[in-house]
Amino acid sequence: MAPSHVQEPSADRRLSTLVRHLLPSSPRRTAAAAAEDSSATLESSPTMASQGCSVFAGLAQAPEDPILGVTVAFNKDPSPNKVNLGVGAYRTEEGKPLVLNVVRRAEQMLVNDPTRYKEYLPITGLADFNKLSAKLIFGADSPAIQENRVATVQCLSGTGSLRVGGEFLARHYHEHTIYIPQPTWGNHVKVFTLSGLTVKTYRYYDPATRGLDLKGFLEDLSSAPTGAIVLLHACAHNPTGVDPTIEEWEQIRQLMRSKSMLPFFDSAYQGFASGSLDKDAQSVRMFVADGGELLMAQSYAKNMGLYGERVGALSIVCGSADVAGRVESQLKLVTRPMISSPPLHGASIVATILKDSEMYHEWTVELKAMADRIISMRQQLFDALKARGTPGDWSHIIKQIGMFTFTGLNSEQVAFMRQEYHIYMTSDGRISMAGLNAKNVNQLADAIHAAVTQLK
Amino acid sequence: MMALAVDVTRFEGVPMAPPDPILGVSEAFKADTNDLKLNLGVGAYRTEELQPYVLNVVKKAEKLMLEKGENKEYLPIEGLAAFNKATAELLFGADNPVIKDGRVATLQSLSGTGSLRLAAAFIQRYFPEAKVLISSPTWGNHKNIFNDARVPWSEYRYYDPKTVGLDFEGMIADIEAAPEGSFVLLHGCAHNPTGIDPTPEQWEKIADVIQEKKHMPFFDVAYQGFASGSLDEDAFSVRLFVKRGLEVFVAQSYSKNLGLYAERIGAINVVCSAPEVADRVKSQLKRLARPMYSNPPIHGARIVANVVGDPTMFGEWKQEMEEMAGRIKNVRQKLYDSLSAKDKSGKDWSYILRQIGMFSYTGLNKTQSDNMTDKWHVYMTKDGRISLAGLSLAKCDYLADAIIDSFHNVN
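Calculation notes
- Residues numbered from 1 in each chain as written.
- Chains lettered and ligands numbered in written order.
- Predicted model: local features only at pLDDT ≥ 70, side-chain atom pairs only at ≥ 80, totals over all residues.
- Heavy atoms only, no water.
- Helix = DSSP H or I, 4+ residues; strand = E, 2+ residues; numbered from the N terminus.
- Buried < 20%, exposed > 50% of the residue type's maximum accessible area, 1.4 Å probe, protein only.
- Polar contact = N/O pair within 3.5 Å; in protein donor to acceptor, adjacent residues only side chain to side chain.
- Contact = heavy atoms within 4.5 Å.
- Core = buried A, V, L, I, M, F, W, Y, C linked by side-chain atoms within 4.5 Å.
- Axes fitted to C-alpha atoms, helices over the stretch in contact; angles between N-to-C directions.
- Nonpolar A, V, L, I, M, F, W, Y, C, P; charged D, E, K, R; others polar.
- Phe/Tyr/Trp six-rings, centres within 6.5 Å; stacked < 30°, edge-to-face > 60°.
- Lys NZ or Arg CZ within 6 Å of the ring centre and 35° of its normal.
- Disulfide = S-S within 2.5 Å.
- Buried area = accessible area lost by both parts, 1.4 Å probe.
- Salt bridge = Lys/Arg side-chain N within 4 Å of Asp/Glu carboxyl O.

(A) Representation of the side chain of Arg336 of chain A in the model. Tracing the backbone through its elements, the reader meets Arg336 of chain A in helix α14 (residues 321-339). Here Arg336 of chain A falls in the buried class, since its relative accessible area comes to 8%. Here the side chain of Arg336 of chain A touches Ser340 of chain A through a polar contact of 3.0 Å, side chain to side chain. Leaving out residues up to four positions away in the same chain, Arg336 of chain A has contacts with Ile123 of chain A together with Asp20, Ile22, Leu23, Thr113, Trp139 and Asn141 of chain B.

See below:
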């Protein structure tokens, strides 16, 4: 890849240095970089002569993140009728973001407390927060907690918890393959790949039934190696909204334990799926109850509406208290060179709420109200499509659980709905029910109807 | 439900990790019950009463934020726009051509550590042959960050124990000897752990050799405003390199200068040769941030944006920062005076006065530092670094006694 024309010597030297860095044959180039930069060419650009060249000359423009990019596109749309069903962030009936009353109360208390400081948290984070988070997901009477077998570190919401868990496993677990459901949240693959794990998939969603492909699920895990890591959505599977039943979970658990597979739970919707914190934790608690080990990535982004505060925790349930102590010490070695210690504000809000029984109760009420509104929107959308006689079976809308519905629409239909109806969703046909309300549900139903009848 | 027999643990082989050398000091301090104990470990500012300090202007900003009642929606991957604008302007100067030309890629990050880690991930992906040169010594976590990001590093000479000063010739020689296109990690001001900074003339020469070898300057700016008391003065080194038209990486932190330690607020800035280059660099940094934490935390960013965005609050911040830097300078002077008065050996302690910032390299070695802790209950890191931020005027005499004893009577 020679430069297209020769410039002054210093530019030459820069270019040749850059060429060494970017040539595909360079042994240290990662596969990821090679794949992304295949379209990068090394040409002199108009800027080089005038402003000196850049060592970044060959760097390609990265595409927008597919999920967050929906909001970027939405923001650019000037239409007054636009509807954002992209990101999973709760909206009120009026279409507004919501900060829970109990969260505002907690914040008031914190900001007005003159004895509070902003000193560095310990590397593992706010101790109260960690203990309370473990109790929330595993249950206060969990044997794992009572036996001190849980190592918990505060992390940056769900993403941070998954990343720290992935990095830990890449260093300390003998199996470096993680099995993720097909489909799954778009960011899972990148998180685990950059952690140093190999990502494989197991069948999960059955497009024919728009439900769970349990047979495929169990078959794929059966043929996976002993000891493999398996990512499980604790509830309200993202993007499909399809969850195993308790009986199905039991089958999954038995198979996994018989193959010594390591469960890695992603819990982003506890309390948000059914409206009950305990019900939404049942799958996790089943696995803890059998005495086995597991990883748990917890997020408070949705269930406490703390999205931008980035609050979450990674818990590892270990075989013994001694192992948990050692595991915790190694988790610190992962987080210290990543963020040093986690942010205080959001974790303080959570701890304040969880440790006060009255505030905790207020939270459960507000949480249930959010979950109920979403369940009601599911019904309204289903009814609206039925009223229009939209072809197809839309019962999956009311059967699926949580914030998202996997509509079954294809990317062409999705693009059509964006262009003609200013409805924004991810190209896999996932819609965030949280973005729906009585005012826009009819617009959505019209759009789906048009897309389904006009494009096949 | 039938419980299956399960293996006791798959993590039996996981060893207990050693405690963090810096943060571990505070833990040991807490456990000490002696009345005379002094914590000169972590670089966190303390008042003369040795209490932690939340800036008044920060409290004001937080109250204002409560009143505003803004939502808690996800920030974009690159962070709060108002914060990114403010932070770049603070660093480079609002009227700097690189800002006016749109040549700076800025991402809000998790304080200094997060900024360095993002940059390291970027270097690993796009400059896989390059290595980072770090000063000997440097902040303990630098090596961990580059190791975990799988970026090779080597050291350039920096600290001269004979003079307790800068080994300038060694520094220049090592930077010159490094392969072309290396990344050179420089402390913008108030070098951690030594407190020894190059002079302006030396900075020019450092820039010369970096420019000549086509190295990439990579600044770690954790103390802007905290070293001298002046934001602009402390940005001198960064602005010198930028003025030469070089592309530069700069990691920033608001932990110390705004006392926002636990809120984890900082930024990674990359000065590029052209705006469209900055756009591409920013897009690739975002691609690295998303699988690490998706988007950064809002609270600290809003505090900074509110403080910097309001002229009154900005003025108040500058004043409080001057007071913090002033207290440290006073304590530094007092320590020197105490040492000079008490030490009858004629040893020249003036290197302490030439150092700047939160830390001082006492010149004590590991055994002597252990003596400081074991005998005198003075907690510090094993490299002889003390945090002056944790020292009060009232304790200077005691500390001087401890240092003199450790220096002369141990090893």
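(B) Expanded view of the nonpolar core. Phe241, Trp317 and Leu335 of chain B are the most contacted members of the largest nonpolar core, which totals 103 residues. Ranked by residue count, the leading element in this core is helix α13 (residues 311-342) of chain B, at 9 residues. Not counting chain neighbours up to four residues away, the residues in contact with Phe241 of chain B comprise Leu186, Trp203, Ile206, Ala207, Ile210, Pro217, Phe219, Leu246 and Val248 of chain B. Among the nonpolar cores identified, the runner-up in size contains 80 residues, and Leu59 and Val164 of chain A together with Leu118 and Val281 of chain B belong to it.

(C) Structural view of the packing of helix α5 (residues 101-111) of chain A against helix α16 (residues 357-388) of chain A. Residues and elements named next belong to chain A. Two elements in contact, α5 and α16, have axes whose closest approach is 8 Å; the angle formed by their N-to-C orientations is 150°. Of the residues in α16, those touching α5 at Asn101, Val102, Arg105, Ala106 and Met109 are Glu358, Met359, Glu362, Trp363 and Glu366. Here the residues of the contact of α5 with α16 are counted per class, giving 5 nonpolar, 1 polar and 4 charged.

(D) Quick peek at the packing of aromatic side chains. By the definition in use, this model includes 43 aromatic pairs over all chains. With 5.8 Å between their ring centres and 50° between their planes, Tyr204 of chain A and Phe217 of chain A make a pair best called tilted. Taken together, the residues Tyr204 of chain A in the loop between β4 (198-203) and β5 (205-206) and Phe217 of chain A in helix α10 (residues 214-222) connect sequence positions 13 residues apart. Note on accessibility: Tyr204 of chain A and Phe217 of chain A belong to one class, buried. Taking 5.9 Å as the distance between ring centres and 45° as the angle between the ring planes, the aromatic pair formed by Trp203 of chain B and Phe219 of chain B counts as tilted. Remark: Phe219 of chain B occurs in strand β8 (residues 216-221) and Trp203 of chain B occurs in helix α8 (residues 200-212); sequence separation between them is 16 residues. Here Phe219 of chain B falls in the buried class, since its relative accessible area comes to 0%. Ring pairing ties together the aromatic residues Phe56 of chain A together with Phe122, Tyr126, Phe127, Phe146, Phe183, Phe218 and Phe249 of chain B, which thus form one cluster. Lying over the aromatic face of Trp349 of chain B, Lys347 of chain B brings its terminal NZ or CZ to 4.7 Å of the ring centre. When the ring centre of Phe359 of chain B is taken as reference, the NZ or CZ atom of Arg385 of chain B above it lies at 3.8 Å.

(E) Examining the state of the cysteines more closely. Scanning the model with the defined rule gives 0 disulfides over all chains in all. Unpaired in terms of disulfides, Cys235 of chain A finds its nearest cysteine sulfur in Cys155 of chain A, a separation of 19 Å.

(F) Layout of the interface of chain A and chain B. Residue-level contacts link 109 residues of chain A with 91 residues of chain B. The junction of chain A with chain B conceals about 8900 Å² of combined surface from both sides, 57% of it contributed by carbon and sulfur atoms. Of all residues in chain A, Phe56, Lys118 and Tyr120 of chain A give up the largest surface area on contact with chain B, accounting jointly for 10% of the area buried on that side. On inspection of chain A and its partner chain B, the count reaches 9 salt bridges. For the interface between chain A and chain B, the tally reads 41 residue pairs in polar contact (both at pLDDT 80 or more). Looking at the side of chain A that touches chain B element by element, the count peaks at 12 residues for α14 of chain A. Taken together, the residues of the side of chain A that touches chain B sort by class into 48 nonpolar, 32 polar and 29 charged.

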